[in-house]
Amino acid sequence: MSNVAELKVDGKSYELPIIEGSEKERAIDISKLRAQSGLITIDPGFKNTGSTTSSITFLDGEQGILRYRGYSIEDLAEKSSFLEVAYLLIYGVLPKKDEFDTFKRDITTHTLVHEDIKKILDGFPSNSHPMGTLSSLVCSLTAFYPESLDPNRSWEATNMSIIRILAKMPTFAAWAYKNEVGHPVNYPDNSLDYCSNFLKMMFALPAEQYDVDPVVADALDKLLILHADHEQNCSASTVRIVGSSKASLYASVSAGINALWGPLHGGANQAVIEMLENIKADGGDVKKYIDKAKDKDDSFRLMGFGHRVYKNFDPRARIIKKAADDVLSKLGVQDPVLDIAKGLEEAALNDDYFVERKLYPNVDFYSGIIYRAMGIPTEMFTVMFALGRLPGWIAQWKEMRENNEPIGRPRQIYVGSNQRTYPSIDER
Ligand code: CMC
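Residues numbered from 1 in each chain as written. Predicted model: local features only at pLDDT ≥ 70, side-chain atom pairs only at ≥ 80, totals over all residues. Heavy atoms only, no water.

Let's talk about the overall build of the protein chain
Helix and strand counts for the protein chain stand at 18 helices and 6 strands. Looking at the protein chain as a whole, 48% of its 428 residues are labelled buried. Counting contacts in the protein chain only where the partners sit at least 6 residues apart, residues at least 24 apart contribute 72% of the total. When the 49 basic and 59 acidic side-chain charges of the protein chain are each reduced to a single mean position, those positions are 4 Å apart. (Helix = DSSP H or I, 4+ residues; strand = E, 2+ residues; numbered from the N terminus. Buried < 20%, exposed > 50% of the residue type's maximum accessible area, 1.4 Å probe, protein only. Contact = heavy atoms within 4.5 Å. Lys, Arg positive; Asp, Glu negative; His and termini not counted. Charge placed at Lys NZ, Arg CZ, Asp CG, Glu CD.)

Here you go:
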């Protein structure tokens, strides 16, 4: 196979190198194209554009493969834990026992947040969407740890920022919820594991005994693993591009949280449950909503369906669908919305519109059903996604810094007015 592509424009020919990844994926390297020819490429939504080489996550959308650092998502979901996966993504290898013990101890040590952060939290009105609160609290860490502002300061300082954000994110996430419902916050309980501590901060009430249900904690751990990274998606690309200006880890992750919020990305899990609820309230007529989704004059889309890269199946959705059945039966929850979800999936998978466009359930189609069974309120679903995606964002940011990547700055083709004369206000 050739390692050079030839581009012919206006009778001139340009040679462009072809690079190949470890899984034999090939790309035409156009990084010198503009210097050679004056031309740029255009690709709205970056559907065909690789922004980097990366050794974190491999994804094959045609075959439904997802691997973190070479390990399959199926293996990791079954055999690993969220914190071990976080270590793997961030540091590139599975930890040895002593390394893992130190990592867990470091994270546990830093779960508490500065008391002044409560004052910031108090400034948010009740009913604030917890995603907005979460991104603000994460960014506020820049003020409490100013040494984090310089990402080139030292490896130790960067690592400290990494540990701190991993440790404090569950506290922020639970506090964002407590603020939304107007309840007093709970402080971290460092005798508990990562997920159990989060659940206790989220659900414990001052006047009641709260014991973490191990079924719920285990299910949460698995969901976080499935969400932990997904290569160059909207939020990871945001984190990398913000970080490419040498903004701090906290500022970059805060931007990633905002990118995740939208319903076409992480916000889809909230949108899925809202959609399923609407279908139920409207009599449960699945076909009516399939028809709406197909109607080009109707803006309705089947939330939780389709994916930019998965064109056969989303491997995470397979694991989650099974987990949803397990968790619901273990918790003894009967959720009519699950039946609507299954009916919708079946109808869509047998409909030409969805088959032709290769639209399959994605990770968010079933995750909301599990979160609901766990008692997590709908508006917190995307916060749960952010909690899971955090190690991925950190790994992407760290890799971008270690590669010393240039500042992200796309070009454009201008299609506005040509130069014109400024008219006075009376001449307009
Ligand atoms: N319902 C109905 N039609 C759809 C849907 C859908 N959910 N998704 C795509 N289509 C159609 C779309 O109208 C278009 O049709 P046509 O070719 O006739 O114009 C075709 O399929 C291709 O869609 P696209 O919008 O060009 O594809 P994309 O790669 O730009 O968008 C997507 C991917 C995930 C944004 C989109 O499928 C979508 O909006 N899905 C619903 C939202 C959702 O579930 N998002 C979560 C993604 S998974 C979590 C994550 O990793 O972020």
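Quick look at the domain arrangement of the protein chain
By a widespread convention, an interface's size corresponds to the accessible area lost as its parts come together. For the protein chain, the domain assignment lists domain 1 (4-65) and domain 2 (76-410). If you average the C-alpha positions of domain 1 and of domain 2, the two centres end up 31 Å apart. Opposite the 16 residues of domain 1 that make contact, domain 2 presents 18 residues. Both faces considered, domain 1 and domain 2 share a buried interface measuring about 1,400 Å² in area, 52% of it formed by carbon and sulfur atoms. The largest share of the area that domain 1 buries against domain 2 comes from Ile 56, Leu 59 and Glu 62, three residues that together contribute 39% of it. At the surface where domain 1 touches domain 2, the tally comes to 0 salt bridges. In this structure, the connection of domain 1 to domain 2 is made through 8 residue pairs in polar contact (both at pLDDT 80 or more). Of the residues belonging to the side of domain 1 that touches domain 2, the class tally is 3 nonpolar, 10 polar and 3 charged. (Domains from an automatic or database assignment. Buried area = accessible area lost by both parts, 1.4 Å probe. Salt bridge = Lys/Arg side-chain N within 4 Å of Asp/Glu carboxyl O. Polar contact = N/O pair within 3.5 Å; in protein donor to acceptor, adjacent residues only side chain to side chain. Nonpolar A, V, L, I, M, F, W, Y, C, P; charged D, E, K, R; others polar.)

Topic: the site of the ligand
Within the structure, the ligand sits among 20 residues, and His 265, Arg 301, Leu 302, Gly 304 and Arg 308 are positioned closest to it. Between the ligand and Arg 301, the relevant distance is 2.7 Å, taken from an oxygen atom to a side-chain nitrogen or oxygen of the residue. Here an oxygen atom of the ligand and a side-chain polar atom of Arg 308 are 2.7 Å apart. Starting from 950 Å² of accessible surface for the ligand in isolation, the protein chains cover 78%. Partitioning the shell around the ligand into residue classes produces 9 nonpolar, 5 polar and 6 charged. (Near = heavy atom within 4 Å. Areas by Shrake-Rupley, 256 points an atom, 1.4 Å probe, with all protein chains shown as cover.)

A word on unusual backbone geometry
Phi is positive for Glu 231, which is not a glycine, with a value near 40 degrees. Position of Glu 231 among the secondary structure elements: in the loop between helix H9 (214-227) and helix H10 (234-243).

A word on the pairing of strand S2 (residues 12-20)
Where strand S1 (residues 4-9) lies against S2, 6 bridges are found, and the strand directions are antiparallel. Paired with Lys 8 across the strands is Ser 13, a residue of S2. As judged from the 3 bridges shared by S2 and strand S3 (residues 26-28), these two strands associate in the antiparallel manner. Each bridged residue has a counterpart across the sheet, and for Ile 19 the counterpart in S3 is Ala 27. (Pairing = 2+ DSSP bridges.)

Some thoughts on a nonpolar patch on the surface
The grouping of Ile 42, Ile 413 and Val 415 at the surface amounts to a nonpolar patch, some 350 Å² of accessible area in total. Of note, Val 415 is situated in the segment after helix H18 (381-402). (Patch = residues over 30% accessible without salt bridge, like charges linked within 9 Å, V, L, I, M, F, W, Y side chains within 5 Å.)

Some points on the layout of surface pockets
Size it by volume and the second largest pocket reaches roughly 330 Å³. Contributing to the lining of the second largest pocket are 22 residues, with Leu 83, Leu 192, Asp 193, Tyr 194 and Cys 195 lying nearest its centre. For the lining of the second largest pocket, the secondary structure elements donating two or more residues are helix H3 (82-91), helix H4 (97-109), helix H7 (155-181), helix H8 (194-203) and H9. Of the residues in the lining of the second largest pocket, the class split is 10 nonpolar, 7 polar and 5 charged. (1 Å grid on protein atoms, 1.4 Å probe; cavity = no way out; pocket = protein on both sides within 12 Å on 5 of 7 lines; lining within 4 Å. Points joined across faces, edges and corners; volume = space filled by probe spheres on them.)

Details of empty space enclosed by the protein
Summed over all chains, the structure comprises 1 cavity of 30 Å³ or more. Taken as a whole, the largest cavity encloses approximately 60 Å³ of empty space. Taken together, Glu 147, Ser 148, Asp 150, Pro 151, Arg 153, Ser 154, Ala 157, Thr 158, Ser 161, Leu 249 and Trp 397 form the lining of the largest cavity. Of all the elements, H7 adds the most residues to the lining of the largest cavity, at 3 residues. Among the residues forming the lining of the largest cavity, the class breakdown is 4 nonpolar, 4 polar and 3 charged.

With respect to the sheet that holds S2
With antiparallel pairing, the 3 strands of this open sheet are ordered in space as S1-S2-S3. Two strands close off the open sheet at either side, each with one partner strand: S1 and S3. Neighbour-to-neighbour, the strand axes of the sheet open up by a mean angle of 30 degrees, direction not taken into account. (Axes fitted to C-alpha atoms, helices over the stretch in contact; angles between N-to-C directions.)

With respect to the packing of aromatic side chains
One pass over the structure, following the stated rule, counts 13 aromatic pairs. On the basis of an interplanar angle of 40 degrees and a centroid distance of 5.6 Å, the ring pair of Phe 82 and Tyr 194 is categorised as tilted. With Phe 82 in helix H3 and Tyr 194 in helix H8, the pair connects residues that are 112 residues apart, well separated along the chain. These aromatic residues form a ring-pair network of at least three members: Phe 305, Tyr 353, Phe 354, Phe 365 and Tyr 366. (Phe/Tyr/Trp six-rings, centres within 6.5 Å; stacked < 30°, edge-to-face > 60°.)

Brief notes about the nonpolar core
The tendency in soluble globular proteins is for nonpolar side chains to be buried side by side. Counting residues in hydrophobic clusters, the biggest one holds 113 residues, and the most contacted among them are Phe 198, Leu 276, Leu 302 and Trp 393. Considering every element that reaches this core, the biggest residue donor is H18, with 12 residues. (Core = buried A, V, L, I, M, F, W, Y, C linked by side-chain atoms within 4.5 Å.)

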